[in-house]
Structure formats: C-alpha cells, structure tokens
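Coordinate inspection notes
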Amino acid sequence: MTDILTVDNLSVTDNAGNTLLQPASFTISRYRTLGIVGESGSGKSLMAKAIMGLLPAGLHAHGRVLFRGRDLLKNNKYQWQQTRGKDISLIIQDSMGAFDPLMTLKDQFIETLQYHTNINRDACFQLACQCLARVNIKVPEQKLTCLPHQLSGGQLQRMMIAMTLALKPSLVIADEPTTALDSITQSDILSQFKLLAAERQSTLVLISHDLGVVRNIADDIAVIYQGRIVEYQKTEFLWEAPQHSYTRFLLDTRKRLSLRFNTIMGRASHATSR
Ligand SMILES: Nc1ncnc2c1ncn2[C@@H]1O[C@H](COP(=O)(O)OP(=O)(O)O)[C@@H](O)[C@H]1O
Ligand SMILES: [Mg+2]
C-alpha cells in the first residue's frame, strides 16, 4: 500500500502561544478513504487548513506534512499554487461562497481546468459534463450555463465535487461537504463522491461531526477530541471495539438513535449489531 500523505507531529498554535491542535501524526494510504470525526470545535477544520497551508492570519502550523517526499509546510506561495487543486484539493461546506457569483459555472469550470491542465476549451467542457453526470447532475450542458445562485445547495455541492475531481487530484480533503444538506441528499452525494474519486484515482479524506456519515464511507477513522486525535483505527475495528471513552460515547449516541428509530418503526432492535 502506497502512502500518499504523512502528517508528522502537526500542531497549530495562536499568537498567544495557545495550542489549538495538539501534535498529530498519521499516514494516509492511497485509495483508502480516511474519515476524521469529532464534535464541533474539536479542531477538524484547523487540521485540514493546516495541511492545505490555509490557516488564517495569527495561527501557525508546526511539524511536517510530507507529500511525495516534500514537506508542504515549507512551500512558498508559488509552490502552493502548484500543489492546491492539482495535487491536493479542499472541498468546504459552503460551496456558494467558493464560486464567483457573477460568472457562469461553465466559465468557472473551464477556467479552473485550463489553469491546471493544457486541454482545450472543448475538451474541458466535455470533461465537465462527464464528471457532472457521474454525480447525478441531470442535463449538465444546461446546468453549466447557470450562475451559482440559480442552483440549489445540493447541486452546487455536486458541481464543486465534479470540478474538484475533474482535475484528478491525488488527494481530496472534504471538510463537512454535505453537512448543510438533508440526510438523504447527503448520503446520495457522498456515495457518488466516493465512486467518482475512485474513478479519478483520487484518495479521499472525509471530515464530519457525524460518525454515522463517515462510517459508511471511510476505511479508516481518526477520532478527534478537544484538539487531539484520541483514536485511529480501521472502521470495522473502531465500530466493534472502540478504545477511547469518547469514541464509545459517539458510538452509544449513534446506537441510541437507531434504537429509537427501530422502536418507532416497530422493528426488533438491531442497534447493537452492524
Ligand atoms: N482563526 C482562529 N483563531 C483562534 N482560534 C480559532 C480560529 N479558528 C478556530 N479556532 C479555534 O480552534 C478550535 C478548533 O476549531 P475548528 O478546527 O474550526 O473546529 P471544527 O472544525 O472541529 O468544528 C475551536 O476552539 C476554535 O474556536
Ligand atoms: Mg469545521
């Protein structure tokens, strides 16, 4: 199994010297989907931003983030432009904010693809349509003529996923990509996301506050609690034999939810089995 990214003692501090993210170390293997789970405020987004070199002013990353043998934390501005999008991509919750409101989606799609590749406009358009169809955007040619505000939140999130994966990045970090959407749309989009990522040979990191969401997608799960990774396991081991009390708490909450569902639906309880 090839390693794709190694995070080595990565921590985040602020100007006052407070540590917001405790030193974290883990390795992401090619084509193994990693889930990062933790409650709101636990440090998930800081970790993603630190890996991407996108921490806000006043926050500082320490340690090493090794990608293809290079420490990304040593990147200059130009090197980051080369790395982001093409090698490593970040998908955030609020896609609306990521698009230019005054430009058609087609132009944004094509501009992004042309910046990173040397394929011509027509080929870019074809690729855009292909990727959009794979995330279930109906009549992509027509949707691409829209401005961002003309699409729903779910459609924009699909656009963002398609645009990101069109570039075939080695690694995609998706930070709560579907949290703003209803749960049926969420699981729909995530399964298409995972399929398209595999097709485009991208490795996926999925960040969520919801263990249930991550469990269906991830091969491995890192649990983060109060700025610290408290557990890192293969998904099935974590589910069967959680090691940390916080992971057990997350699992119990989950199981209580499905127990309640089963009770309401008059079903026998399967809540403690898989
Ligand atoms: N720009 C910032 N300056 C200072 N503290 C921050 C900043 N951004 C986030 N934090 C703090 O770092 C912690 C982790 O935040 P974050 O990574 O956004 O959490 P999560 O994504 O898990 O909800 C929180 O306590 C938050 O208040
Ligand atoms: Mg966050």
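Just so you know, these numbers come straight off a predicted model, no measurement behind them.

With that out of the way, let us pick up the packing of helix H4 (residues 105-116) against helix H5 (residues 121-134). Where H4 meets H5, the closest approach of the two axes is 9 Å, and the angle between their N-to-C directions is 115°. The orientation of H4 with respect to H5, classified from their angle, is roughly perpendicular. For the pair H4 and H5, the sense of crossing is right-handed. Every residue of H5 that contacts H4 at Lys106, Phe109, Ile110, Leu113 and Gln114 is listed here: Arg121, Cys124, Phe125, Leu127 and Ala128. Partitioned by chemical class, the residues of the contact of H4 with H5 number seven nonpolar, one polar and two charged.

With twelve residues, H4 should cover 16 Å at 1.5 Å per step; its first-to-last C-alpha distance of 17 Å lies within 8% of that length. Buried residues of H4: Leu105, Phe109, Ile110 and Leu113, and no others. Projected onto a plane normal to the axis of H4, the buried residues spread over an arc of 125° and lie on a single side. The elements touched by buried residues of H4 are H5, helix H6 (140-143) and helix H7 (153-166).

Below, the discussion takes up the sheet that holds strand S1 (residues 3-14). Spatial strand order, S2-S1-S4-S5: four strands in an open sheet with antiparallel pairing. In this open sheet, the two edge strands, each paired with only one partner strand, are strand S2 (19-29) and strand S5 (70-71). Here eight bridges tie S1 to strand S4 (residues 59-67), and the two strands are oriented antiparallel to one another. Across the sheet, residue Val12 finds its bridge partner in S4, namely Ala61.

All right, on to the site of ligand 1 then. Neighbouring ligand 1 are the residues Asp14, Leu20, Gly38, Ser40, Gly41, Ser42, Gly43, Lys44, Ser45, Leu46, Pro56 and Leu59. For the shell around ligand 1, the class distribution of residues is four nonpolar, six polar and two charged.

Rules behind the numbers
Residues numbered from 1 in each chain as written. Chains lettered and ligands numbered in written order. Predicted model: local features only at pLDDT ≥ 70, side-chain atom pairs only at ≥ 80, totals over all residues. Axes fitted to C-alpha atoms, helices over the stretch in contact; angles between N-to-C directions. Helix = DSSP H or I, 4+ residues; strand = E, 2+ residues; numbered from the N terminus. Parallel < 35°, antiparallel > 145°, perpendicular 65-115°, else oblique. Left-handed = near helix turned anticlockwise from the far one by under 90°. Contact = placed C-beta atoms within 7 Å. Nonpolar A, V, L, I, M, F, W, Y, C, P; charged D, E, K, R; others polar. Expected span 1.5 Å × (residues − 1). Buried ≥ 20, exposed ≤ 12 C-beta atoms within 10 Å, placed from the backbone. Arc of directions from axis to C-beta. Pairing = 2+ DSSP bridges. Near = placed C-beta within 6 Å.

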